[in-house]
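Residue-level structure breakdown
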2 protein chains.
Amino acid sequence: MKKVLNNTISVDCVIFGFDFEKLNVLLVDRVLVDEKTGKELFSDLTLTGNHIFEDESLEDAAARILFDLTGLENIYLKQFGAFGDTERLLKPNDQAWLRASGRDPHSRILSVGYYSLLATEKVTLKWKGRNVKWYPVAEVTDLAFDHYTILQSALQALRRELLYEPIGFELLPEKFTLSQLQKLYEVVLGVELDKRNFRKKIARMKYLIPLDEKQKGVAHKPARLYMFSREVYEKTRKEVFDFNI
Amino acid sequence: MKKVLNNTISVDCVIFGFDFEKLNVLLVDRVLVDEKTGKELFSDLTLTGNHIFEDESLEDAAARILFDLTGLENIYLKQFGAFGDTERLLKPNDQAWLRASGRDPHSRILSVGYYSLLATEKVTLKWKGRNVKWYPVAEVTDLAFDHYTILQSALQALRRELLYEPIGFELLPEKFTLSQLQKLYEVVLGVELDKRNFRKKIARMKYLIPLDEKQKGVAHKPARLYMFSREVYEKTRKEVFDFNI
DNA sequence: AAATCAAAGTGTTTTTTCAACACTAAACAG
DNA sequence: CTGTTTAGTGTTGAAAAAACACTTTGATTT
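Residues numbered from 1 in each chain as written. Chains lettered and ligands numbered in written order. Predicted model: local features only at pLDDT ≥ 70, side-chain atom pairs only at ≥ 80, totals over all residues. Heavy atoms only, no water.

**Some points on the overall build of chain A**
Note the following rule: Helix numbers and strand numbers start at the N terminus; a helix is a DSSP run of H or I with at least 4 residues, a strand a run of E with at least 2. Summary of the burial criterion: residues with accessible area below 20% of their type's maximum are buried, those above 50% are exposed, and those between are partly exposed, where the area comes from a 1.4 Å probe applied to protein chains only. Where accessible areas are quoted, they stem from the Shrake-Rupley method and a 1.4 Å probe; at the residue level, only the protein chains shown are allowed to cover. Charge counting follows a simple rule: Lys and Arg are positive, Asp and Glu are negative, and His as well as the terminal groups are ignored. Note on charges: their place is set at NZ of Lys, CZ of Arg, CG of Asp or CD of Glu.
When helices and strands are counted, chain A shows six helices and nine strands. Burial analysis of chain A (245 residues in total) assigns 48% to the buried set. Carbon together with sulfur atoms contributes 48% to the accessible area of chain A, which is approximately 13100 Å² in total. One way to put it: in chain A the 37 positive side-chain charges average out to a point 6 Å from where the 36 negative ones average out.

**Brief notes about helix α4 (residues 178-189) of chain A**
Residue and element names in this part refer to chain A. Let me state the cut-off plainly: Take the residue count of a helix, subtract one, and multiply by 1.5 Å to get its expected span. Contacts were defined at the residue level, with two residues in contact if any of their heavy atoms lie within 4.5 Å.
Here α4 spans 16 Å end to end across 12 residues, near enough to the 16 Å set by a 1.5 Å rise per residue. For α4, every residue scored as buried is listed here: Leu178, Gln180, Leu181, Gln182, Leu184, Tyr185, Glu186, Val188 and Leu189. On the buried face of α4, the contacting elements are β1 (9-18), β2 (23-33), α3 (147-164), α5 (195-203), β8 (208-214) and β9 (224-228). Gly190, located one to two residues past α4, shows a positive phi value of around 70°.

**Points about the interface of chain A and chain B**
In many analyses, interface size is given as the accessible surface area lost on bringing the parts together. Formally: Two parts placed together each lose some accessible area under a 1.4 Å probe, and the buried area is that loss summed for both. A pair is scored as a salt bridge if a Lys or Arg side-chain nitrogen falls within 4 Å of a carboxyl oxygen belonging to Asp or Glu. Here a polar contact is taken to be a pair of N or O atoms separated by no more than 3.5 Å, where protein atoms must pair a possible hydrogen donor with a possible acceptor and residues adjacent in sequence count only if both atoms sit in side chains. Under this grouping Gly is polar, as are all residues other than the nonpolar Ala, Val, Leu, Ile, Met, Phe, Trp, Tyr, Cys and Pro and the charged Asp, Glu, Lys and Arg.
Counting residues at the interface gives 40 residues for chain A, matched by 40 residues for chain B. Taking both partners together, chain A and chain B bury about 3500 Å²; carbon and sulfur atoms supply 65% of that area. There are four salt bridges connecting chain A and chain B. Residue A:Arg160 is joined to B:Glu161 by a salt bridge in which the shortest nitrogen-to-oxygen separation is 3.3 Å. Joining chain A to chain B, the criterion identifies eight residue pairs in polar contact (both at pLDDT 80 or more). Of all the secondary-structure elements, those providing two or more residues to the side of chain A that touches chain B are β5 (77-83), β6 (110-119), α3, α4 and α5 of chain A. Broken down by element, the side of chain A that touches chain B gets its largest block of residues, five residues, from α3(A). In the side of chain A that touches chain B, the residues fall into 21 nonpolar, eight polar and 11 charged.

**Let's talk about the protein's contact with DNA strand C**
The following threshold applies: Only a single heavy atom is needed: when it lies within 4 Å of a molecule or strand, its residue is near that molecule or strand.
Surveying the vicinity of DNA strand C reveals 22 residues, the closest of which are A:Pro222, B:Ser179, B:Lys195, B:Lys200 and B:Arg224. Counting only atoms of DNA strand C within 4 Å of the protein, the fraction found in sugar and phosphate groups is 41%. One of the side-chain nitrogen or oxygen atoms of A:Lys200 is found 3.2 Å away from a base nitrogen of DNA strand C. At 3.1 Å from a base nitrogen of DNA strand C is found a main-chain nitrogen or oxygen belonging to A:Lys221. At the level of elements, α5 of chain A together with α5 (195-203) of chain B are the ones that each hand at least two residues to the surface near DNA strand C. Residues that form the surface near DNA strand C fall into these classes: five nonpolar, five polar and 12 charged.

**Examining the domain arrangement of chain A**
Residues and elements named next belong to chain A. In plain terms, the rule: Those domain boundaries reflect an automatic or database domain assignment.
Taken domain by domain, chain A comprises domain 1 (9-164) and domain 2 (175-236). Summarising the inter-unit geometry, the C-alpha centres of domain 1 and domain 2 are found 30 Å apart. In this complex, domain 1 contributes nine residues to the contact, which on the side of domain 2 involves seven residues. Taking both partners together, domain 1 and domain 2 bury about 850 Å²; carbon and sulfur atoms supply 78% of that area. Looking only at domain 1, the three residues that lose the most surface to domain 2 are Phe18, Phe20 and Leu162, adding up to 58% of its buried area. Here domain 1 and domain 2 share zero salt bridges between them. The tally of links from domain 1 across to domain 2 stands at one residue pair in polar contact (both at pLDDT 80 or more). When residues in the side of domain 1 that touches domain 2 are grouped by element, the largest group, four residues, is from α3.

**Re the pattern of salt bridges**
A side chain of one charge can pair with a side chain of the opposite charge if their charged atoms are brought near each other. Scanning all chains against the criterion turns up 24 salt bridges over all chains. In this structure, the salt-bridge partner of B:Glu170 is B:Arg230, at a minimum N-O distance of 2.9 Å. Taken together, the positions of B:Glu170 in the loop between α3 (147-164) and α4 (178-189) and B:Arg230 in helix α6 (residues 230-236) put the pair 60 residues apart, joining distant regions of the chain. Exposure remark for B:Glu170: the relative accessible area of 19% places this residue in the buried category. Note that B:Glu213 is salt-bridged to B:Lys175, the shortest N-O span being 3.0 Å. Placement of B:Glu213 in strand β8 (residues 208-214) and of B:Lys175 in the loop between α3 and α4 is noted, with a sequence separation of 38 residues between them. Its relative accessible area of 32% is what places B:Glu213 among the partly exposed residues. On the accessibility criterion, B:Lys175 (35% relative accessible area) is partly exposed. When salt bridges with common partners are traced through the structure, they connect A:Lys78, A:Glu161, A:Glu165 and B:Arg160 into a single cluster.

**Notes on the environment of A:Lys39**
Positionally, A:Lys39 belongs in the loop between β2 and β3 (40-46). Apart from residues no more than four positions distant in its own chain, A:Lys39 is found in contact with A:Leu32, A:Val33 and A:Asp34.

**So, the protein's contact with DNA strand D**
In the vicinity of DNA strand D there are 23 residues, among which A:Lys195, A:Lys200, A:His220, A:Arg224 and B:Lys221 approach most closely. Protein-proximal atoms of DNA strand D, defined as those within 4 Å of the protein, fall in sugar or phosphate at a share of 40%. Within the side chain of A:Ser179, an N or O atom sits 2.8 Å from a phosphate oxygen of DNA strand D. With respect to DNA strand D, the side chain of B:Lys200 contributes an N or O atom lying 3.2 Å from a base nitrogen. Every element with two or more residues in the surface near DNA strand D is listed here: α5 of chain A together with α5 of chain B. For the surface near DNA strand D, the residue count by class is six nonpolar, five polar and 12 charged.

**Let's talk about the packing of α4(B) against α5(B)**
Residues and elements named next belong to chain B. Here is the rule we go by: Axis geometry follows a simple rule: fit a line to the C-alpha atoms, using only the stretch in contact for helices, then measure angles between N-to-C directions, giving values from 0 to 180 degrees. Oblique is the label for any angle not under 35 degrees, not over 145, and not in the 65 to 115 range, which are roughly parallel, roughly antiparallel and roughly perpendicular in turn.
Where α4 meets α5, the axes come as close as 11 Å, and the angle between the chain directions of the two elements is 100°. Between α4 and α5, the angle falls in the class roughly perpendicular. Residues Leu178, Ser179, Leu181, Gln182 and Tyr185 of α4 touch α5, and the partners they reach there are Lys195, Phe198, Arg199 and Ile202.

Quick look at the structure:
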């Protein structure tokens, strides 16, 4: 049996999934049932998180959480923050939950947040008893603990990263159309983009490889498929900063 | 006496200071002396760090560390990462140090990193027995623990932040010249900038306020002084992302 | 008092990027 | 064969970026 490193450190994963229409996030339905009456006391949503084992780095723990939920490995994972406010576990539901699960409700837990990016179609969720589902990020209003704050922080980090690094591809299947890529930028950044200008811009990215292959089974002109080349990206990425205050 | 939250969580501060010439960082000279012979076994450098108290948020702890060293409050502080690799304390010197200071050398410590920005001239270091000094960032080659990695990570975060947010002013005294500001960008980003183009660019920043005041005591044409206006910045900052892949 | 030194300050031109905008082409559905 | 739907494609004017050199001002030196 693996030993837990320390009951005051946990890793929370904000697992984003894109389905060509909207950005989703994996959330766990946390139901607290009264032990005596068997009645449901409340139900709310949390991010997917877990403690960290003794022989595990933070990133290993994040990867493990992701693997346990999705069965996927080698998924893009990025640390975006550590959350340690003194009041982060003090909401009434959270206190009840901590007591019910046998933990000290006055304990502090430090959470290190990682976000990861998936094409929802790649995933068949492994529920493992827990009620884990995709929820549209735009519709999430509040979460247990300080998880809403953590989610917003992840979203902000994702947006910023998306603007400067080619990570959008992580949210798409291997082969994708330019319209899908554009939609992704629009959804994540919350903007509308001009189709022609968008295509001009990405035409400059050498690591976006056009394939001799087209969409199939669509009731309109089928789009050309593209894929991302990590090799080309790593060869051509510029190390230097643009000076662009 | 305050209780330490948990001996496996610490906060490390990367305190950057700018002196109009180069970027510096505050480091602690860690000297290990043999208890029996009194001989110095080794001496190396660490970042300034500390554990976190029970009633303290991460940011409070970072602010406290900074205050203890410099006596300054309300200093810009930014979290840039959490470091929890399994091997981060395993170098021989680090092991010896941990043993000598009565700690379990096999313990894992999670460090949350904050960087902060100062004009070196604002600071009179409060040594408090420890040997704390400014070192030019460019000349730091290795540090104890994984602190070199942490420093590089802080530097990267600072550079990125500097490109998109007006945080350069935090590294300068209240009143400064445009040449000093330019030098700051050059030093932090490691680039050379054209004076005229630089001035054209910053002329667009409304929050950079020209004063009716000039440099004194310089053996050349004295430069006009400027200051940063947080108010103007907060009024005019744009919430929207530029789409700039 | 004049000459020298050192950094301040200032414009123009060319190139590149950004933003706005509308029609034709291809596949499937009916 | 017609309609529907999305793919795909260029031009122009405006703004920003990049390249580039001389004059001004105050303090210091002679």
